[in-house]
Amino acid sequence: MKKAMLFLVALMFSVGVNAATLTLTGIGSSGATQSVDVNNNSTVLAGGTVGEVGNWYSEFDLISDTNTGIKVEWSFNPFTALSGATIKFGQISGPSGYYLPGAQTFAITGDFSFTAFLTAGVYYGIDIIDAASNILKYDVSVSAVPVPAALFLFAPALLGFLGLRRKSAVAA
């Protein structure tokens, strides 16, 4: 029994250290510059600048090597009030492909974030679209959400309950 419990504890810690590798690729923009600045596996930063008044968009492909939760954050430094901007996120048919049914569109008026769950090997798109002629610098951050620390707190408690159950059964 002790070997089984030690195996379970070791398994939980090994699951916690395996982070997803995220790949964010800029696939095109109109009216905006676009760059992927940092790609250190589980966090990816991208951004760009919109330097002229007029409609613009910036599109990215996102893929993960493991099933994982992610947090997508958008921040900006506007020169004019931001209105009419949207972020579209969802599964796409392949690299630089079209959106499959179920894609979500979020209206944004300021800094914005949302969480999602990625399936390994499936392509996702993140499109930032502005229809209100804003001049701004924007940043996008996609980061893998790690296994919560609560899991590591919950596991010893659960193992403790199993030990109490066994002792109470022996005492009876």
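That block above? That's the structure.
Residues numbered from 1 in each chain as written. Predicted model: local features only at pLDDT ≥ 70, side-chain atom pairs only at ≥ 80, totals over all residues. Heavy atoms only, no water.

A. Spatial organisation of the overall build of the protein chain. Secondary structure summary: the protein chain contains 2 helices and 10 strands in total. Scanning the protein chain from its N terminus toward the C terminus, one meets helices and strands in the order α-β-β-β-β-β-β-β-β-β-β-α. Burial statistics for the protein chain: of 172 residues in total, 30% are counted as buried. Within the protein chain, contacts between residues at least 6 apart in sequence are counted, and of these 76% link residues at least 24 apart. (Helix = DSSP H or I, 4+ residues; strand = E, 2+ residues; numbered from the N terminus. Buried < 20%, exposed > 50% of the residue type's maximum accessible area, 1.4 Å probe, protein only. Contact = heavy atoms within 4.5 Å.)

B. Representation of the sheet that holds strand E4 (residues 56-64) in the model. Ordered by their spatial adjacency, 5 strands build an open sheet running E1-E4-E9-E6-E7, and the pairing between neighbours is antiparallel. Looking at strand neighbours, the two that pair on one side only are strand E1 (22-30) and strand E7 (104-108), the edges of this open sheet. Averaged over all pairs of adjacent strands, the angle between strand axes in this sheet comes to 15 degrees, irrespective of strand direction. (Pairing = 2+ DSSP bridges. Axes fitted to C-alpha atoms, helices over the stretch in contact; angles between N-to-C directions.)

C. Quick peek at unusual backbone geometry. We note that Ser96 has phi near 55 degrees; this positive angle belongs to a residue other than glycine. Looking at where Ser96 falls in the secondary structure, it is placed in the loop between strand E6 (85-91) and E7.

D. Region of interest: the packing of aromatic side chains. With the rule as written, the count across this model stands at 8 aromatic pairs. When the ring of Phe89 is compared with that of Tyr124, the centres are 5.8 Å apart and the planes differ by 5 degrees; the resulting orientation is stacked. One end of the pair, Phe89, is in strand E6; the other, Tyr124, is in strand E9 (residues 124-130), and 35 residues separate them in sequence. By the burial criterion, Phe89 is buried, and Tyr124 matches it. Pairwise contacts between aromatic rings join Phe89, Phe106, Phe112, Phe114 and Tyr124 into one cluster. (Phe/Tyr/Trp six-rings, centres within 6.5 Å; stacked < 30°, edge-to-face > 60°.)

E. Expanded view of the environment of Gly47. Residue position: Gly47 is located in strand E3 (residues 43-50). Gly47 gets classed as buried once you look at its relative accessible area, which sits at 2%. With 12 residues separating them along the chain, Gly47 and Ser35 place their C-alpha atoms 5.5 Å apart. Sequence-distant contacts of Gly47, defined by excluding residues within four places in its chain, comprise Thr33, Gln34, Ser35, Asp37, Tyr138 and Asp139.

F. Up close: the nonpolar core. Counting 31 residues, the largest nonpolar core has Leu62, Trp74, Phe89, Ile126, Tyr138 and Val142 as its most contacted members. Counting residues per element, this core draws most heavily on strand E10 (residues 136-144), at 5 residues. Dropping the residues within four chain positions of it, Trp74 is found in contact with Trp56, Leu82, Ile87, Ile108, Gly110, Asp111, Phe112, Ile128, Leu136, Tyr138, Asp139 and Val140. (Core = buried A, V, L, I, M, F, W, Y, C linked by side-chain atoms within 4.5 Å.)

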